[in-house]
Amino acid sequence: MWSRTCPAGSARPESGTLAMCSPEEAALLRLEGVFSDTLTHINSLVLQPLLEAAPEASDPWGRECLQLLQQLQRSSRQLWDVTEESLRSLRERLRRPEAVGLESLLLLHSADRVLQVHLEYIESYTCCVAVQAFQKAAKRRSEYWRGQRKALRQVLSGVSSEGSVGTALLQALRQPLAHHVQQYVLLLLSLGDTIGERHPTRELVIHAAGLFGDLQSFMRQELDQATATQALWSTLSSRLRDVLCTPARRLLQDSQDIPVTVTPLRAERVLLFDDALVLLQGHNIHTFDLKLVWVDPGQDRCTFYLLTPEEEFSFCSKDPQGLVVWQWKVTQAVCQALRGKKDFPVLGAGLEHSEPPTCRCGAYTFRAEGRFCQATYEGEWYWGRPHGKGTLKWPDGQNHVGDFCQGLEHGFGIRLVPQASEDKFDCYKCHWREGSMCGYGICEGERYIGMWQADQRHGPGVMVTQAGVCYQGTFQADKMVGPGILLSDDDSLYEGTFTRDLTLLGKGKVTFPNGFTLEGTFGSVSGRGLHTQGVLDTAALPPDPSSTCKRQLGQGVFPVESRWQGVYGPFRDFVRAGCPGDLREALLGFHVQSSRELRRSQEYLCCERTRPEDQAGSMEELLEELRQHREPEALQRCLRKALSNSLHPLGKLLRTLMLTFQATYAGMGANKHLQGLAQEEVKQHAQELWAAYRGLLQVALQRKGEAPEEDEDAETRDLRVHGLVLPLVLPSFYSELFTLYLLLHEREDSLYSQGITNLSLFPDTKLLEFLDVQKHLWPLKDLTLTTNQRYSLVRDKCFLSATECLQKMITTVDPREKLEVLERTYGEIEATVSRVLGREHKLPMDDLLPLLIYVVSRAQIQHLGAEIHLIRDMMDPLHTGGLYDFLLTALESCYEHIQKEDMRLHRLPSRWSSREPW
């Protein structure tokens, strides 16, 4: 039993103290005290006995009934706790009114928390009402309840000695709360009138009075719905009741009260609940989740339409007013279901009254026969169809993640299909059009990169297996046929014809890594392996190993500008249409709210939660920003901001391209023979993003009535792409791209690393001498030191600034910034030499290269070959033939010399010949 302990002298405040506060505050104190005592009596007289009389927990209904009564008791206890807390705040106020302000009252400063406790009690109570938990529990101790009528009459008004026990229990748990809330409203309104309009706490008082006034309306609605729901269950068969009855479900409308005709399903009875629309047709039950119901008002007052993922039907009525009631209630029930909570104070009269959003997120399992049968779709919807980003999962393990349009896969997507014989999957990453694979894409189990048609590999393509074997050729109906090439993991090359299962067949030629060739006819016999008849040529000179292992696939097969048109195309269409808001939503997968209504309705629906700083403005604002920031520095900042924001059209395009790039060149796609393909794609993506920016800018100028910018020539465009866009987008592709460079230059980097390891064994002075650096350039001038001191000092300080500068090359991905690091390194070397000589000194090539080799060896940059080649391939053409080109060539010479055999064996020529390739 709950009990209250009051401080001495505080239970009944002195009349003199009360006189210093308003009569309303004293009345609130008495009201809270009575209510607290009533809750204590109700717990001992009603709730505890109900729990003891609850049905056995061995059957499902018994467990449910027990859980409902336990929840009601917990809610009642919370209500008692908050009432006691309110009592304490009132007593403190009445005891020291001059020191404790009116704002200290719990009912005022925490009105929302007090309200929430009341709402939870009402929810628990009405759940018990809806499923008749009180009546069923009371039947088990009917003699006890008859003996408690007198006690109940002491705390309740209107409890007669006649009437049912169930009715008395309903009154006992509802009447005190209803009276208590009513008195709250009256006393708070009176208190607001008493303190006057200028009182600092008047807003708090009015706010609290409004909340509890709304609570009165909410209580009446909740009780009416619970009572109507309870009455409904008695009109249904036990089978229907078992299927539909849940404690939290509430009936909102019944076609037996307001007749309505539903076609084409011809339902005999229509039931609208707060979470589902149910159509009863004989013994069949059609249930539709309201979160995935769309209401179309129609063109006349006699019909409106409902759309669901697999059904479309109309509601008709001869009574226009009755149809309006149905349409309004369905619409508001959908809004409430999407919000995930009941409207307050009453259905359809919440703080945000709006139509349901047409764009939503939800999950649905398809039942109708067809390709999606038994598949569960979770993601974005538009008018009853998957539309936007989503995931499809089938029971057999197949699933699809990607873009959808009007119910079909459309755009970039990834499909996993389980293999029948092994615990493995085929993975398809490609562009989809109206439900079928179409255009450029890739496939794994092995990795296929090439063209698709009608869900099959069709046209030129490249295939890479887990074992590192690469095929290039032409596919028809998902099989490779005709002439093609095969590159094995040991760099052997086959050129010839294949069967449909990629077996060598017919005339062909094999070139081995050592230069030997085998030319003839190839075939296979079951169980006996590959057979050939031909000529083995061993007279050829051994090829350059670097050229043998660096063969590239695919570059001449599908031009770079033809790849990923399924990604570029929708953006171009968006720009050509003048960047309309509705297309922007489709382009971004409904993650951009273009209207106030959509913002309000979608804040709880978005798949991707975004940070506040990622929010994108309206299309007009974005276009105006591009129009106003066209100067070089401002443009760079504007593009950086746009590309880093996933809710900006340019940022969205970049992220989609990044996804396709990762899907192509990560995992099995990380193959050295694909480096050329990847490098081409990165440059093409930068070019397409610049074209996308130019397209948006032209739309912005057109909207303002300004003349469009003149078309760029190829040279100007390339300078902008390499100098402005490529540095901004390269970080998005750098990880996969650099991995390909590592694999392609693995052999040279290995020799370089061995050379660096050997050179690191030299002390500084010995290494400078070994590299034939002129001694007058050593940083030892005018230092009188012992041998040990010199060793220590030089080892720590010799050209240290240049070494540390060069090491910063790996801290950036921008080729220009890497070249700037190289330029500063050269400057540090010359500055050190100038300090040694005591005058400004420009190093000739014969002096610079040994010093640069020294600095490179001490910097110990890993994978320097991959770094150099990536810089060379991605550098701005503007720098070709200039200082940066010269310095990069010098660095390449250092890299090549460190790989040489004499470096690795600690032997160098006595002089640096000018004929060396510096």
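Along every chain, residues carry numbers that run from 1 in the direction the sequence is written. Since the coordinates come from a predicted model, pLDDT governs what is reported: local features require at least 70, and pairs of side-chain atoms require 80 or more to be given and counted, while whole-chain, interface and lining totals use all residues. The basis for every side-chain value is the complete set of non-hydrogen atoms in the structure, without hydrogens or water.

### Section: the overall build of the protein
Only runs of H or I of at least four residues qualify as helices and only runs of E of at least two qualify as strands under DSSP, and these elements are numbered from the N terminus. Across its full length, the protein carries 30 helices and 23 strands. Burial classes: relative accessible area under 20% of the type maximum marks a residue as buried, over 50% as exposed, and values in between as partly exposed (1.4 Å probe, protein chains only). Within the protein, the proportion of its 918 residues that are buried is 50%. Counted over contacts in the protein with a minimum sequence separation of 6, partners at least 24 positions apart contribute 56%. We call two residues in contact when some of their heavy atoms are within 4.5 Å.

### Description of the sheet that holds strand 4 (residues 276-281)
Judged by pairing direction, the sheet is antiparallel, and its four strands sit side by side in the order 1-3-4-5 without closing on themselves. Each edge of the open sheet is held by one strand with a lone partner, namely strand 1 (251-254) and strand 5 (284-289). Neighbour to neighbour, the strand axes of the sheet diverge by 20 degrees on average, direction disregarded. DSSP calls a pair of strands paired once it identifies at least 2 bridges connecting them. Relative to strand 5, strand 4 runs antiparallel, the two sharing six bridges. Residue pairing across strands places L277 opposite F288, the latter belonging to strand 5. To define axes, lines are fitted to C-alpha atoms, for helices over the stretch in contact only, and angles between the resulting N-to-C directions are given on a 0 to 180 degree scale. Here helix 10 (residues 202-233) sits on the sheet in contact with strand 1 and strand 3 (269-273), set at roughly 60 degrees to strand 1.

### Overview of the nonpolar core
Grouping buried Ala, Val, Leu, Ile, Met, Phe, Trp, Tyr and Cys residues that are joined through side-chain atoms within 4.5 Å yields what is termed a nonpolar core. Membership of the largest hydrophobic core comes to 65 residues, with the highest contact counts inside it found for F134, L173 and F212. Contributing elements (two or more residues each) for this core: helix 2 (23-52), helix 3 (60-95), helix 4 (106-109), helix 5 (111-130), helix 6 (133-138), helix 9 (165-195) and helix 10. Setting aside anything within four residues of it in sequence, one finds F134 in contact with L50, L69, L72, Y125, C128, V129, L169, L170 and L173. In this structure, C579, L650, A686 and Y741 belong to the second largest nonpolar core, which totals 63 residues.

### As for the state of the cysteines
Criterion for a disulfide: a pair of cysteine sulfur atoms at a distance within 2.5 Å. Here the structure, examined in full by the defined rule, presents zero disulfides. No disulfide involves C359; its nearest neighbouring cysteine sulfur is the one of C361, lying 9.4 Å away.

### Some details on the packing of aromatic side chains
Centres within 6.5 Å make a pair out of two Phe, Tyr or Trp rings, where for Trp the six-membered ring is used; the pair is then stacked when the planes are under 30 degrees apart, edge-to-face when over 60, and tilted otherwise. This structure, assessed with the given rule, holds 27 aromatic pairs. Residues Y752 and Y895 carry aromatic rings whose centres are separated by 5.2 Å and whose planes lie at 45 degrees to one another, so their mutual orientation is tilted. One end of the pair, Y752, is in helix 22 (residues 746-759); the other, Y895, is in helix 29 (residues 883-899), and 143 residues separate them in sequence. Like Y895, Y752 is buried. Site record: aromatic cluster; members linked through ring pairs are Y364, F366, F372, Y377, W381, W394 and F404.

### Examining the pattern of salt bridges
When a carboxyl oxygen of Asp or Glu is within 4 Å of a side-chain nitrogen of Lys or Arg, the pair counts as a salt bridge. According to the stated counting rule, one finds 35 salt bridges in the structure shown. One salt bridge connects D403 with K389, and the closest N-O pair in it is separated by 2.6 Å. In this pair, D403 is assigned in strand 12 (residues 399-405) and K389 in strand 11 (residues 385-393), connecting sequence segments 14 residues apart. Taking relative accessible area as the criterion, D403 reaches 17% and is therefore assigned buried.

### Section: the sheet that holds strand 7 (residues 303-307)
With antiparallel pairing, the four strands of this open sheet are ordered in space as 2-8-7-6. Every other strand in the sheet has two partners, leaving strand 2 (261-263) and strand 6 (294-296) as the edge strands with one partner each. Across this sheet, the average inter-strand angle for adjacent strands is 25 degrees, counted without regard to direction. On the sheet, helix 12 (residues 320-339) packs against strand 6, strand 7 and strand 8 (312-316) and is oriented at approximately 25 degrees with respect to strand 7.

### A word on the environment of L347
In this structure, L347 sits in the loop between helix 12 and strand 9 (359-365). Here the alpha-carbon distance between L347 and Q336, two residues 11 residues apart in the chain, equals 7.9 Å. Residues in contact with L347, not counting those within four places in the same chain, are Q221, L252, W328, Q332, A333 and Q336.

### Observations concerning helix 29
The length a helix should cover is 1.5 Å for every residue beyond the first. With 17 residues, helix 29 ought to run about 24 Å at 1.5 Å a step, and its terminal C-alpha atoms sit 25 Å apart, in line with that. The element helix 29 is largely enclosed, with a buried count of 13 among its 17 residues.

### A word on the environment of C359
Turning to its location among the elements, C359 is positioned in strand 9. Accessibility expressed as a relative area gives 1% for C359, which makes it buried. Considered as a pair, C359 and W381 are 22 residues apart in the sequence and their alpha carbons are 5.6 Å apart.

### Quick word on the packing of helix 18 (residues 632-643) against helix 19 (residues 649-665)
Packing of helix 18 against helix 19 brings their axes to within 7 Å, and their N-to-C directions diverge by 60 degrees. Taken together, the axes of helix 18 and helix 19 are oblique relative to one another. Judged by residue contacts, L639, A642 and L643 of helix 18 engage L650, G651, L654 and R655 from helix 19. In the scheme used here, Gly and all other residues not listed as nonpolar or charged are polar, with Ala, Val, Leu, Ile, Met, Phe, Trp, Tyr, Cys and Pro taken as nonpolar and Asp, Glu, Lys and Arg as charged. Split into classes, the residues belonging to the contact of helix 18 with helix 19 amount to five nonpolar, one polar and one charged. In what follows, roughly perpendicular refers to angles from 65 to 115 degrees, roughly parallel to angles under 35, roughly antiparallel to angles over 145, and oblique to any angle outside these ranges.

### Examining the packing of helix 5 against helix 10
Relative orientation and spacing of two packed helices are given, respectively, by the angle between their axes and the distance between those axes. Viewed as axis vectors pointing N to C, helix 5 and helix 10 meet at an angle of 10 degrees, and their least axial separation amounts to 9 Å. With respect to helix 10, the axis of helix 5 lies roughly parallel. Classifying every residue of the contact of helix 5 with helix 10 gives 17 nonpolar, six polar and three charged.

### A short note on the side chain of E830
With respect to the element layout, E830 can be found in helix 26 (residues 815-837). According to the relative accessible area criterion, E830 is buried, its value standing at 6%. Each polar contact in these results corresponds to two N or O atoms within 3.5 Å; when the atoms are within protein, one needs to be able to donate a hydrogen and the other to accept it, and residues that are neighboring in sequence are counted only if both atoms are side-chain atoms. Here the side chain of E830 touches Y826 through a polar contact of 2.8 Å, side chain to side chain. Here K842 takes part through its side chain, which lies 3.5 Å from a polar atom of the side chain of E830. Excluding anything up to four places from it in sequence, E830 contacts H841, K842 and L843.

### Focus on the confidence of the model for the protein
Close reading of the predicted structure is inappropriate where its pLDDT is low. Each residue gets a pLDDT score, which is the predictor's confidence in that residue and runs from 0 to 100. Confidence in the prediction for the protein averages 82 pLDDT; 84% of positions are at 70 or higher. Per-residue pLDDT stays below 50 along residues 7-19; that stretch engages in 10 contacts with residues further than four places along the chain or on separate chains. Low pLDDT, under 50, characterises residues 590-615; the stretch is placed with 54 contacts to residues that sit more than four places away or in other chains.

### A word on unusual backbone geometry
P264 follows T263 through a cis peptide bond whose omega is 10 degrees. Tracing the backbone shows P264 in the loop between strand 2 and strand 3. With an omega of 20 degrees, the peptide bond between F344 and P345 qualifies as cis. By the secondary structure assignment, P345 is in the loop between helix 12 and strand 9. Non-glycine residue E434 carries a positive phi angle of around 50 degrees. Relative to the helices and strands, E434 resides in the loop between strand 14 (425-433) and strand 15 (436-443).

### Section: the environment of Q533
Following the sequence through the fold, Q533 ends up in strand 23 (residues 529-537). The sequence separation of Q533 and K507 amounts to 26 residues, and the corresponding C-alpha distance is 9.6 Å. Excluding residues within four positions of it along the chain, Q533 makes contact with G520 and T521.

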